[in-house]
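Descriptive analysis of the structure
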Amino acid sequence: MAVFILRHARGEDLSGAEAAFAAEGLVTRAVTASDGGCVPGDLSGVDGLVVIGGAPEGGSSGPSGPSGLSGLSGPDVGVRGAEVGLLRAALVAEVPVLGVREGAELLAVAAGGSAAPGPEEGSGWDDVGVTPAADSDPLFAGAAGRQRVPRTPLASLRLPDGAVVLASCDRDPVRAFRVGGSAWGIRFRADAWQEHVLGRFAALVAARAERTATRTFFTRRADAWEERFAYQTPAYEAAVARMRLGPGRRALDLGCGTGRAMPALRALVGPTGSVLGVDVTHAMLVAAARHGRTRHGGLLTADCTRLPLPTASIHGIFSAGLLDHLPAPRAALREWARVSAPDGELLLFHPSSRAERAARHGLAPSPDDLLAEPNLRPALRSAGWRLTEYEDDPHSFIALATLRSPRATR
C-alpha cells in the first residue's frame, strides 16, 4: 500500500505525514515539484494522494502572487495543470486525497471550483474554528474546536457545488473543506489539527486500499470495457437463463461493470419485476448508463460486502468474475445471503474456465482457488447457501446456489 506525496517546495517538512502513514503500514513516495519532480501519469499503485505546498508560514509563494495560483480556475489551470489533472483523476477514481494549503486550492479547482489571488494580508494570527459539519466528518470529528494559526496569503476560493465547509475564520469562510466522500482540503498549518487529521487520513487510506485499487484499475478501463468484451454477451445471456427468476421478481447484478447481464435479467423478471446493477466503480456505471442499461434497471454505486438493501429483499443474484477477487469473499457470501429472500438463488459466473484463467498467467489451477468445488461448496454452506449446480467447462464457469433457510443467514 502506497501514498504519493507531491510537495511544491523542498522546505516542506514531511516527517509528520510519513510517520502517520508508516503507522498504518503505508509506504510513502514524495516528489518535489520545484526540483523538477515528475507527476505520475496515472494512479496505478497509489492508495492515497497528498498535495502539499504554498509559501512557508509568513512568507510569499513567489512570482505568481498569493498561493502561486496566478488566477487559476476551472479549465485554465496554467502551470499547475499536471497537478490538477492528477487530482481530477483521483476524484473520478475516488482515491483518497488530502490537499494542504496550495494543494487544497488546487483540489477545489480540480473538483470544479476556482481560485484566484487574494489580497495581501499583514502579519498576525487567524482564529480558525470547526463548523458543525466537522462533527460527522471522517477526518475532523473529534478535532479541537478552535486553533490560532499564523496568517498567510490566501487565494480567493470558490468551492464546487456540494463541497462541505469544515473550518472557517473571520478573514476567510473556507479554511478546510471536503469534496465528496474521499477528498479533503486544509488551508492552514496547525500542529494539533494536522496530527489529528493526518492520523485519520492515514487510517482511512489503509482501510480503503482494496477498494481504491479496484476503482483505479477499472476507472482507467471503463470507457473501452463494453467494446473490448462485447463478444462475451451471448455467454452472459446463456448464464442468466440458468436462473429460475420469474415475472415480478427482484434481481441483482453484483459487480455489474457496464451491466451486460442486465438486459437478460430484465427479460426474466418482466416489466413487473426489478433489476439493480451494483458496482464499486462509479466510472463503470457511467459507462453502463451510456450503453443504455438504465432502460433495463437501476444502477447503484456500492460496496458489495455492505449492501444498502433491506434484508430478504432480493430473489436472484447474478455475479460475474467477482467473488474470488474480494478481500473477504466469505463475508460477501453472508451479506448476499442477508439480502436474499428465503427462496433466493445465487449464480456465480465467469466467461472462462478456471484452467483457462490460470493458463493466462502460465499456471495450472490452484487447489486453493476459492472457486474449486471442494472449497466453494463449504464456503457457500457456511454462509447459508446450498450449491445445486457446478460446471467448470473449458470456456465457462457456472455455480448455482440456493438459500438454505432463513435461519442459516443469521
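Here the structure is a predicted model, which is why all the values come from computation and not from measurement.

Right, let's talk about unusual backbone geometry for a bit. One non-glycine residue, E94, lies in the positive phi region at around 60°. With respect to the secondary-structure elements, E94 resides in the loop between α2 (81-93) and β4 (97-101). We classify E94 as partly exposed; its relative accessible area is 22%. The phi dihedral of R101 is positive, around 55°, even though this residue is not glycine.

This part takes up the side chain of D253. On the secondary structure map, D253 appears in strand β12 (residues 250-254). The charged side chain of D253 is buried without a salt bridge, its nearest counter-charge being R293 at 7.9 Å.

Turning our attention to the environment of R250. Looking at the secondary structure, you find R250 in strand β12. C-alpha separation for the pair R250 and V269, spaced 19 residues apart in sequence, amounts to 7.1 Å. Excluding residues within four positions of it along the chain, R250 makes contact with S274, A312, S313, I314, H315 and G316.

The 9 strands lie next to each other as β2-β1-β3-β4-β11-β10-β9-β6-β7, forming an open sheet whose pairing is mixed. The outermost strands of the open sheet, each flanked by one partner alone, are β2 (27-32) and β7 (146-150). Recorded for the sheet is a direction-independent mean angle of 20° between the axes of neighbouring strands. The pairing of strand β6 (residues 125-130) with strand β9 (residues 164-168) spans 2 bridges and is classified as antiparallel. Paired with V130 across the strands is A167, a residue of β9. Together, β3 (48-53), β4, β10 (176-179) and β11 (183-186) form the strand contacts of helix α3 (residues 102-110), whose direction differs from that of β4 by roughly 125°.

About the criteria used
- Numbers given to residues run from 1 along each chain, matching the order in which its sequence is written.
- Since the coordinates come from a predicted model, pLDDT governs what is reported: local features require at least 70, and pairs of side-chain atoms require 80 or more to be given and counted, while whole-chain, interface and lining totals use all residues.
- The side-chain figures draw on all heavy atoms in the structure; neither hydrogens nor water molecules are used.
- We count a stretch as a helix when DSSP gives it H or I for four or more residues in a row; a strand needs E for two or more, and each element gets its number in order from the N terminus.
- Three labels apply to residues, based on accessible area from a 1.4 Å probe with only protein chains included: buried if under 20% of the type maximum, exposed if over 50%, partly exposed otherwise in between.
- Asp and Glu count as negative and Lys and Arg as positive, but His and the ends of the chain are not part of the count.
- One speaks of a salt bridge when a side-chain nitrogen belonging to Lys or Arg is within 4 Å of a carboxyl oxygen belonging to Asp or Glu.
- The contact criterion used throughout is that any non-hydrogen atoms of two residues lie within 4.5 Å.
- When DSSP finds at least two bridges between two strands, those strands are taken to pair.
- Every axis corresponds to a line fitted to the C-alpha atoms, with the helix fit spanning only the stretch in contact, and the corresponding angles, defined between N-to-C directions, vary from 0 to 180 degrees.

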